[in-house]
Structures are given as C-alpha cells and as structure tokens.
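Architecture at a glance
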Amino acid sequence: MQKIVNFLRGSVRFTVTGAFPERFLNLCAQNSLGFWAVEWLEGGEVKLTVAHKDWRRARVLAEKAMCTLAREGAMGIPPFLGRFRKRYALLAGLILSLVAVGVLSQFILTVEISGNETVPTAKILTELRRLGLRPGTYGPGVDEAMVGQQLLLQMDGLSWCAVNLKGTVAEVLVREAVKAPPLLDENILGDVVARAPGIITQIEVYRGAAAVQEGDTVLPGEVLITGNVHLEGPKYSGLDLGWQTVKAQGKVYARTWRTLEAEIPLEAATKDPTGRSRSLWSLQVLGLRVNFYRNAGISYERYDKITKVWTARLPGGREMPLSLTRETAQEYETVAVPIDTDAAEELLKARLDGALTALLGPDGEVVRTDYAVRQSGGKLIVKLTAECKEEIGKFVPASG
C-alpha cells in the first residue's frame with residue numbers, strides 16, 4: 001500500500017554531500033520532512049528519498065546544513081506530468097488521449113456475429129444497422145433485449161438471438177432455425193415412372209405394385225411402380241376385393257448410359273494492360289465514409305478494379321472501425337490468343353465429370369467413362385459417354 005501511495009504522490013531520490021550530512025538529516029526531522037530508504041555511502045555521503053512535494057524544502061535545509069544535493073531520479077505521477085510543463089503540444093495530446101479513451105469507451109466500436117451458418121453475416125449486420133446497432137452507437141443507450149427481439153421478428157431463419165455489450169464490442173449470438181421436413185401429401189395419387197432409359201437392376205417398392213422386373217429395359221416415362229393395387233381376398237376364398245389407388249413410392253435402380261458434351265473456343269480474349277490507372281482513396285470512420293475525390297467516374301472502356309483496405313487494429317488483433325480504402329482502376333485491352341488445347345481438354349473433362357455427378361445424384365454411381373475429343377468450327381469439343389448405375393424413378397401425379 002505504501003508503494004502505491006508513494007507512486008501517486010511521487011518521490012525524488014538524491015545524494016547528500018557535505019562535511020556533516022547527519023546535520024541535514026536532523027534538520028529534516030526537526031522540520032517534519034519525511035524521508036526513507038536511507039543508505040550511507042563511502043566518504044560520508046548519504047543517499048535517501050523524499051516526497052516530490054518536499055524536494056524544494058530539502059534543498060533549502062541542505063543550504064542551512066552546508067550540504068549539496070545531487071538528484072538521481074524521480075518516480076511517480078507528479079514527475080511524469082511535470083515533463084509536460086513546457087511541452088504544450090504533448091500535454092494537449094495527453095489530455096485529448098485521456099478524453100478520447102473516456103469518451104470512446106462509451107461507444108460501440110465493433111459488432112461481432114457468431115452462431116450463423118446459412119444466414120449471411122452481412123445480412124444480419126444490415127438488419128442490426130436498421131435497428132440502431134452499429135459502430136459509433138452510444139452503448140448505454142442500446143436496449144440489448146429489445147434489439148435481440150426485433151432482430152428475430154425482422155429476419156427469417158433465426159430461432160434465438162442474444163446481444164451482449166462488452167465494453168466497446170457488441171457481441172451478437174444467434175441460433176438458426178431448423179427447417180421442418182416437408183409433409184407427404186397422401187391425397188396426391190400417382191405412379192413412379194422412369195426419367196431415363198436403362199436396364200432395371202433393383203426394385204424397392206414402398207407403396208404400390210412393381211410394374212417391371214429386374215432385367216427389363218425401360219424407356220423414359222414408362223411406369224415402374226404403379227399406384228393401382230389389386231386387392232385379393234383370403235386364400236381359397238375366391239373373393240376379389242377389387243382395386244385400390246395409392247401414391248406409389250419406391251426406388252428403382254438401373255444401368256444407364258449418359259452422353260454429355262462441352263465445348264470451348266480455340267481462341268480466347270486475354271487482357272493486355274495499357275499502363276494507365278486511376279486510384280480513388282476514401283476513409284471510413286465509425287461507418288461513415290469520407291471520399292478524397294470529387295468525380296468517381298472512370299473514363300476507361302475496359303478496366304479491372306482492385307480494392308485494398310487497411311484496417312486499424314488493436315495490439316490484440318481486434319479490428320477498429322477505422323479503415324483506409326484504395327480503389328484502383330487499371331485499363332486494359334483485349335487480345336485474341338490461341339488457348340492451350342491440353343489444358344482446355346482437361347478443363348472440359350472436369351466440367352463434364354461434375355455435370356455427370358450432379359445429374360446422377362447422391363445414389364448414382366459411374367461404372368465406366370469414355371471421352372471423344374474433336375475440333376470443329378473454331379471450337380474444341382469434348383464428348384463424354386458414361387455407363388452408370390442410378391436411381392431412375394420419379395413420381396408423377398395421376399391425371400383425373
């Protein structure tokens with residue numbers, strides 16, 4: 001505790017030199033001038049510490065005792081502030097810094113979103129801005145519970161939200177709503193038909209009756225599982241209960257052959273920079289943008305726009321609502337050059353493989369693939385022929 005008191009009031013450490021340093025100590029004691037950390041040195045010198053406010057009195061008493069004082073250093077707040085006595089710019093900067101810290105600590109400088117996966121963060125930030133929560137907002141004036149409730153009412157896809165103010169940071173925690181599975185409408189009757197030609201390899205009937213067998217060849221639109229089910233009576237009863245129409249359900253797997261084709265021009269337009277460019281600078285402070293240019297128009301017919309942002313950060317890495325942006329427009333001209341046919345061929349094959357995978361779906365399987373490459377009409381054409389195993393059934397509602 002005494003160290004804290006000494007730091008707040010300040011202290012001066014000095015050395016006393018003279019014929020009788022002990023007389024100086026006696027004068028200090030007689031005049032109620034406190035001192036501590038007394039250290040006797042060789043040659044009769046003594047080193048001690050006094051409060052910063054008693055330094056001038058100590059010099060007066062030293063003259064009476066015919067001693068000299070050699071100041072070694074000062075510690076604490078008063079000596080530190082004393083350095084700014086004749087440095088008015090530094091003193092003003094110190095005062096402004098303290099005021100800025102005291103004032104800015106009452107405002108929200110950053111808004112952090114966590115817990116979202118499908119709902120975009122930018123969309124949440126936009127809605128929060130409409131609700132009055134953004135960088136630069138006065139923190140004590142924000143109703144955290146009200147902002148969270150309004151955000152849930154205004155945005156679809158969120159089931160829970162909490163807003164927590166932690167100093168200059170507004171932490172927004174969200175939980176996304178879980179979508180209910182679609183309900184099966186039993187009133188819609190129909191059949192499962194083939195969506196592609198193939199040879200049947202497996203049939204799984206959930207409702208209805210199989211209209212084909214394994215090994216049959218089917219065409220698109222042919223009924224695979226019918227919704228018209230014949231009801232038979234008990235065995236040996238001879239009763240016929242007639243027909244029942246249901247919503248056919250099931251999976252039908254088949255061997256199929258898919259043919260896909262992709263093409264690309266043999267010449268491509270590339271960018272040739274002309275060397276001309278224009279940069280636009282802007283400053284963004286607490287969400288407010290200040291432009292350092294008058295005309296934002298670009299006179300170039302073709303150009304690339306490159307944006308670079310420098311954001312101020314605290315020592316811990318936290319971003320501050322202060323950023324400098326440079327938008328550079330670089331002019332270019334287009335030049336036709338021949339493409340690398342080998343690289344283009346690999347690109348088209350990769351695209352065809354992706355299209356085939358999307359076409360087959362998660363239950364599909366590629367058994368064998370063949371590629372045919374040709375050039376025609378100034379284009380490189382790649383044709384994919386694939387043997388697959390896939391689920392080809394799709395439900396079609398019955399008419400009437």
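Refer to the structure presented above.
Read on for a plain summary of the structure. On a predicted model such as this, the values are computed, not experimentally measured, just so you know.

Before going further, it helps to examine the overall build of the protein chain. If you tally the helices and strands in the protein chain, you get 8 helices and 22 strands. Compactness check: the protein chain gives a C-alpha radius of gyration of 42 Å against a globular reference of 21 Å for 400 residues, more than 25% above the reference. Here the C-alpha coordinates of the protein chain stretch approximately 135 × 70 × 45 Å along the principal axes. Counting all 400 residues of the protein chain, 28% fall into the buried class. Residue pairs at least 24 apart in sequence account for 65% of intrachain contacts in the protein chain once pairs closer than 6 positions are excluded. About 25800 Å² of surface is accessible on the protein chain, with carbon and sulfur atoms providing 54% of the total.

Moving on: the packing of aromatic side chains. Here the structure, examined in full by the defined rule, presents 4 aromatic pairs. Geometrically, the ring pair formed by Phe 14 and Phe 24 is edge-to-face, given 6.3 Å between the ring centres and 80° between the ring planes. Here Phe 14 is found in strand 1 (residues 11–18), whereas its partner Phe 24 is found in helix 2 (residues 21–30), with 10 residues between them in sequence. Just as Phe 14 is buried, Phe 24 falls in that class too. Centre to centre, the rings of Phe 107 and Tyr 138 are 5.5 Å apart; their planes meet at 65°, and the pair counts as edge-to-face. Residue Phe 107 is located in the loop between helix 5 (88–104) and strand 5 (110–114), and its partner Tyr 138 is located in the loop between helix 6 (121–130) and helix 7 (144–154); the two are separated by 31 residues in the primary sequence. The class for Phe 107 is partly exposed, based on a relative accessible area of 26%. You can call Tyr 138 partly exposed: its relative accessible area is 45%. Seen from the ring of Tyr 332, Lys 271 lies directly overhead, with NZ or CZ sitting 5.0 Å from the centre.

Another aspect to go through is the side chain of Glu 391. Here Glu 391 shows up in strand 21 (residues 379–391). Of the side chains with opposite charge, Arg 195 lies nearest to the buried Glu 391, which makes no salt bridge, at 5.2 Å. Separated by 3.0 Å, the side chain of Glu 391 and the backbone nitrogen of Val 252 make a polar contact. What Glu 391 contacts, discounting residues up to four positions off in sequence, is Arg 195, Gly 250, Lys 251, Val 252 and Tyr 253.

What follows deals with the side chain of Thr 137. When you line up the elements, Thr 137 lands in the loop between helix 6 and helix 7. Here Arg 134 takes part through its backbone oxygen, which lies 2.8 Å from a polar atom of the side chain of Thr 137. Excluding residues that lie within four positions of it along the chain, Thr 137 makes contacts with Gln 106, Phe 107, Ile 108, Gly 132 and Val 142.

With respect to the secondary-structure elements, Val 229 resides in strand 13 (residues 228–232). Its relative accessible area of 18% is what places Val 229 among the buried residues. Other than its neighbours up to four places away in sequence, Val 229 contacts Gly 208, Ala 209, Gly 242, Trp 243, Gln 244 and Val 246.

With that out of the way, let us pick up the sheet that holds strand 10 (residues 209–210). With antiparallel pairing, the 4 strands of this open sheet are ordered in space as 10-12-8-22. Where the open sheet ends on each side, the last strands, each with one partner, are strand 10 and strand 22 (393–397). Two elements, strand 8 (residues 190–194) and strand 12 (residues 223–226), share 2 bridges in a ladder whose sense is antiparallel. Across the sheet, residue Val 193 finds its bridge partner in strand 12, namely Val 223.

Listing the buried residues of helix 2 in full gives Pro 21, Phe 24, Leu 25, Leu 27 and Cys 28. Along the axis of helix 2, the buried positions cluster into a sector of 160°, meaning they face one direction only. Among the exposed residues of helix 2, those pointing more than 90 degrees away from its buried face are Ala 29 and Gln 30. Close packing links the buried residues of helix 2 with strand 1, strand 2 (35–40), strand 3 (46–51), helix 3 (55–64) and strand 4 (67–75).

Glancing now at unusual backbone geometry. If a residue is not glycine, its phi is most likely negative; likewise, a peptide bond is most likely trans. For Ser 32, which is not a glycine, the phi torsion comes out positive at approximately 55°. The topology assignment puts Ser 32 in the loop between helix 2 and strand 2. The backbone phi angle of Met 66 is positive, close to 55°, even though this residue is not glycine. Among the structural elements, Met 66 can be located in the loop between helix 3 and strand 4. Overall, Met 66 belongs to the exposed group, its relative accessible area being 63%.

What follows covers the pattern of salt bridges. Counted under the stated rule, the structure contains 19 salt bridges. For Glu 72, the salt bridge is made with Lys 47, and the minimal N-O distance between the two is 3.4 Å. Of this pair, Glu 72 sits in strand 4 while Lys 47 sits in strand 3, and the two are 25 residues apart along the sequence. Between Asp 304 and Lys 271 there is a salt bridge, with the nearest N and O atoms lying 2.7 Å from each other. With a gap of 33 residues between them, Asp 304 in strand 18 (residues 303–313) and Lys 271 in strand 16 (residues 267–285) connect regions that are remote in the sequence. Under the relative-accessibility criterion, Asp 304 is labelled partly exposed at 28%. Put simply, Arg 255, Arg 368, Asp 370 and Glu 387 are held in one network by salt bridges that share partners.

Calculation notes
- Residues numbered from 1 in each chain as written.
- Predicted model: local features only at pLDDT ≥ 70, side-chain atom pairs only at ≥ 80, totals over all residues.
- Heavy atoms only, no water.
- Helix = DSSP H or I, 4+ residues; strand = E, 2+ residues; numbered from the N terminus.
- Rg over C-alpha atoms; globule rule 2.2 N^0.38 Å.
- Buried < 20%, exposed > 50% of the residue type's maximum accessible area, 1.4 Å probe, protein only.
- Contact = heavy atoms within 4.5 Å.
- Areas by Shrake-Rupley, 256 points an atom, 1.4 Å probe, with all protein chains shown as cover.
- Phe/Tyr/Trp six-rings, centres within 6.5 Å; stacked < 30°, edge-to-face > 60°.
- Lys NZ or Arg CZ within 6 Å of the ring centre and 35° of its normal.
- Lys, Arg positive; Asp, Glu negative; His and termini not counted.
- Salt bridge = Lys/Arg side-chain N within 4 Å of Asp/Glu carboxyl O.
- Polar contact = N/O pair within 3.5 Å; in protein donor to acceptor, adjacent residues only side chain to side chain.
- Pairing = 2+ DSSP bridges.
- Arc of directions from axis to C-beta.

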